[in-house]
Amino acid sequence: MSGRTIRAVAVAFLLLLPCVTAAARPPQNGKKPGKNAATVQDYYSRNFLLHTDLPKAEANDLLARLETVLRLVSRYWNYPSQGIIECCVVSDLDNWPPELQAKIEPDGLAKIREGAGVCLGTTRVVGKYAVGKARVYAVADHLGDKGVPLHEAVHAYCDQAFGHTGPQWYAEGMAEIGHYWVNGVKGVNTLPHVIKYLRHCKPRKLETLIVNDEKRGGKWEDYCWWWSLCFFLDNNTNYSQQFRALGRHILAGQKVTFQDVFGSQTKELDFEFRFTLKHLNQGLRVDLCSWDWKRKFVSRIPPGQRMSALVHADRGWQPSSLTLTAGVTYEYRAKDVWSAGKDARSVDADGAADGRGRLVGVVMKDYKLSEEFELGKSGSFTALTDGDLYLRCRVPWTELSGNSGKMTVWLRRKPAEAKE
Ligand SMILES: [Zn+2]
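Residues numbered from 1 in each chain as written. Predicted model: local features only at pLDDT ≥ 70, side-chain atom pairs only at ≥ 80, totals over all residues. Heavy atoms only, no water.

### Digging into the overall build of the protein
Alright, step 1. A count of helical and extended segments in the protein gives 13 helices and 16 strands.
Alright, step 2. Scored against the burial criterion, the 420 residues of the protein give a buried share of 50%.
Alright, step 3. Intrachain contacts of the protein at a sequence separation of at least 6 include 70% that bridge at least 24 residues.
Alright, step 4. In the form shown here, the protein has an accessible surface area of approximately 20300 Å², with 51% of it arising from carbon and sulfur atoms. (Helix = DSSP H or I, 4+ residues; strand = E, 2+ residues; numbered from the N terminus. Buried < 20%, exposed > 50% of the residue type's maximum accessible area, 1.4 Å probe, protein only. Contact = heavy atoms within 4.5 Å. Areas by Shrake-Rupley, 256 points an atom, 1.4 Å probe, with all protein chains shown as cover.)

Right under this line is the structure:
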């Protein structure tokens, strides 16, 4: 169906459906005002009709954020928004007189009372296409979290543009990305309790996260997991393109699943997802931590020869191309300098006095990592285990993007052992 036809049908829905809070107006005289007393007003923007008791400046700020998230998801899914999205956003329910509360759908009112939100959709099949009309109900702010209307707006966009939001893990995971979205921020940005939960809870297996049922909702713990999986897939450069294509296929109604797309990469994906969760924190750049799985490793360096690896300061673990053999001693030497932090002075691979900027290594075997160990400008080390050697410039994982520069690291077997 062309966008024009969908839009025409969407307009028809607007005319047909009861406008839940269209009668929103200031409370009647004599009504008890809420603790943040304000009147309920309507606000309009290009794609939204907002009924809210937020002060005018905050209402306009919310509309601007809603429009920006809508622009972002329209571009991401490559399909324009269809029809006006009607939102009822409550700052304080006491500001809403009974006759206005009565116009809020019961499921919407229940979610608002919980301090949450909901997107109620109506889908109608027109010819061979499903066309939706969505109504958003949300609290403006729950314990400092102002993202609930944004989460529901992502659902509403999908409902009205595609007639559905896809399987549960995808629908809620992507809506949570909208929930926490901040313009220009590439790193992890979520609520502290989400990070605390994901870092310390019992890990869930990847296959248990992929719920292919077409439904919405879940426990808050489920939302944490679905957000983390979608955020990871959307940002890790090994999976982001396929993930975006998967989403477009899903929303277009094609029968494509996560397993169809990523089934052959499960081990790599699972390893990187666990790695992301282990280091999850505000500002973590998942894209900069993406693993290089294409690099070939060799275990034998011919006597008298050495091999080199290029290590960028602003990336996570990077392949050396050398597979270590347990008990063998290797020599290394790092050339050049790098900067471990914004405006930090350049240092060699020994790093600063506090250890920041030092060249460090880790060994991967069977998708498991050894403990990180220190290298430096030059020296030798004896491998404690077999496995592939990875290198990086040591800074806290959330601070990679502030680094700059790169080094060439030379590696060889210690000559005495090469003669064996
Ligand atoms: Zn949701």
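### Some remarks on the coordination of the zinc ion
Alright, step 1. Protein-derived ligands of the zinc ion are His151 (NE2), His155 (NE2), Glu172 (OE) and Glu172 (OE), with the metal-ligand distances lying across 2.0 to 2.8 Å.
Alright, step 2. As a motif over one chain, the donors of the zinc ion read H-x3-H-x16-E. Placement of both histidine 151 and histidine 155 in helix 5 (residues 148-162) is noted, with a separation of four residues, approximately one turn of the helix.
Alright, step 3. When its relative accessible area of 3% is taken as the criterion, histidine 151 is described as buried. (Donors = N, O, S within 2.8 Å, 3.2 Å for Na, K, Ca; no water.)

### Quick notes on the nonpolar core
Alright, step 1. Counting residues in each nonpolar core, the largest one holds 124 residues, and the members touching the most others are Trp77, Tyr157, Trp169 and Leu233.
Alright, step 2. In terms of residue count, the dominant contributor to this core is helix 9 (residues 220-235) (10 residues).
Alright, step 3. Excluding residues that lie within four positions of it along the chain, tyrosine 157 makes contacts with Leu70, Val73, Ser74, Trp77, Tyr79, Pro80, Ser81, Ile85 and Phe162. (Core = buried A, V, L, I, M, F, W, Y, C linked by side-chain atoms within 4.5 Å.)

### Things to note about the side chain of threonine 190
Alright, step 1. Structurally, the position occupied by threonine 190 is in the loop between helix 6 (168-180) and helix 7 (192-200).
Alright, step 2. You can call threonine 190 buried: its relative accessible area is 6%.
Alright, step 3. With near-sequence residues (within four places) excluded, threonine 190 lies in contact with Tyr180, Ile195, Trp227 and Gln282.

### Concerning the environment of glycine 108
Alright, step 1. On the secondary structure map, glycine 108 appears in helix 4 (residues 106-113).
Alright, step 2. For glycine 108, a relative accessible area of 0% translates into the label buried.
Alright, step 3. Separated by 20 residues in sequence, glycine 108 and cysteine 88 have C-alpha atoms that sit 8.9 Å apart.
Alright, step 4. Residues contacting glycine 108, with those up to four places away along its chain left out, are Val118, Leu120 and Tyr137.

### Considerations on the pattern of salt bridges
Alright, step 1. With the rule as written, the count across this model stands at 15 salt bridges.
Alright, step 2. Across the pair glutamate 114 and lysine 111 runs a salt bridge whose closest N-O atoms are separated by 3.4 Å.
Alright, step 3. A salt bridge links aspartate 270 to arginine 274, with the shortest nitrogen-to-oxygen separation between them at 3.6 Å. Here aspartate 270 pairs with arginine 274, and both are found in helix 12 (residues 266-278), just four residues apart, close to one helical turn.
Alright, step 4. A network of salt bridges, in which partner residues are shared, links Arg358, Glu372, Glu374, Arg392 and Arg394. (Salt bridge = Lys/Arg side-chain N within 4 Å of Asp/Glu carboxyl O.)

### Section: the packing of helix 6 against helix 10 (residues 240-251)
Alright, step 1. Contact pair helix 6 / helix 10: the axes reach a minimum separation of 12 Å and the direction vectors enclose 115 degrees. Considering their axes alone, helix 6 and helix 10 lie roughly perpendicular with respect to each other. In terms of crossing hand, the pair formed by helix 6 and helix 10 is left-handed. Touching Trp169, Tyr170 and Met174 of helix 6 are Phe243, Leu246, Gly247 and Ile250, all from helix 10. (Axes fitted to C-alpha atoms, helices over the stretch in contact; angles between N-to-C directions. Parallel < 35°, antiparallel > 145°, perpendicular 65-115°, else oblique. Left-handed = near helix turned anticlockwise from the far one by under 90°.)

### Focus: the packing of aromatic side chains
Alright, step 1. Per the stated rule, a full pass over the model turns up 31 aromatic pairs.
Alright, step 2. Centre to centre, the rings of tyrosine 239 and phenylalanine 262 are 6.0 Å apart; their planes meet at 80 degrees, and the pair counts as edge-to-face. One end of the pair, tyrosine 239, is in the loop between helix 9 and helix 10; the other, phenylalanine 262, is in helix 11 (residues 258-262), with 23 residues separating them in the sequence. Both residues of the pair, tyrosine 239 and phenylalanine 262, count as buried.
Alright, step 3. Between phenylalanine 271 and phenylalanine 275 the ring centres are 6.3 Å apart and the planes differ by 25 degrees, which places this aromatic pair in the stacked class. (Phe/Tyr/Trp six-rings, centres within 6.5 Å; stacked < 30°, edge-to-face > 60°.)

### Things to note about the packing of helix 9 against helix 12
Alright, step 1. The N-to-C vectors of helix 9 and helix 12 enclose an angle of 115 degrees; their axes lie 11 Å apart at closest approach. As the angle between them shows, helix 9 and helix 12 are arranged roughly perpendicular. As helix 9 runs across helix 12, the sense of the crossing is right-handed. On helix 12, the residues touching Trp225, Ser228, Leu229, Phe232 and Leu233 of helix 9 are Leu269, Glu272, Phe273, Arg274, Thr276 and Leu277.

### Section: unusual backbone geometry
Alright, step 1. The phi angle at aspartate 336 is positive, at roughly 90 degrees, despite the residue not being glycine.
Alright, step 2. Positive phi is not limited to glycine here, since aspartate 343 has a value of about 65 degrees.
Alright, step 3. If you trace the backbone, aspartate 343 turns up in the loop between strand 9 (338-339) and strand 10 (346-347).

### Regarding the confidence of the model for the protein
Alright, step 1. For the protein, per-residue confidence averages 88 on the pLDDT scale, and 89% of positions sit at 70 or higher.
Alright, step 2. Here residues 1-34 is modelled with pLDDT under 50, and outside its nearest four sequence neighbours on either side it reaches 66 contacts, counting other chains as well. (pLDDT = per-residue confidence, 0-100.)

### Re the pairing of strand 15 (residues 387-393)
Alright, step 1. Counting buried positions along strand 15 yields seven of seven residues, so the element is predominantly enclosed.
Alright, step 2. Across four bridges, the pairing between strand 7 (residues 318-324) and strand 15 is antiparallel. Its bridge partner lying in strand 15, glutamine 318 is registered against leucine 391.
Alright, step 3. Pairing of strand 11 (residues 359-365) with strand 15, which is carried by six bridges, proceeds in the antiparallel orientation. Bridge pairing in strand 15 places valine 362 opposite tyrosine 390. (Pairing = 2+ DSSP bridges.)

### So, the environment of valine 188
Alright, step 1. Along the chain, the position of valine 188 falls in the loop between helix 6 and helix 7.
Alright, step 2. By relative accessible area, valine 188 is classed as buried at 3%.
Alright, step 3. The sequence separation of valine 188 and serine 228 amounts to 40 residues, and the corresponding C-alpha distance is 9.3 Å.

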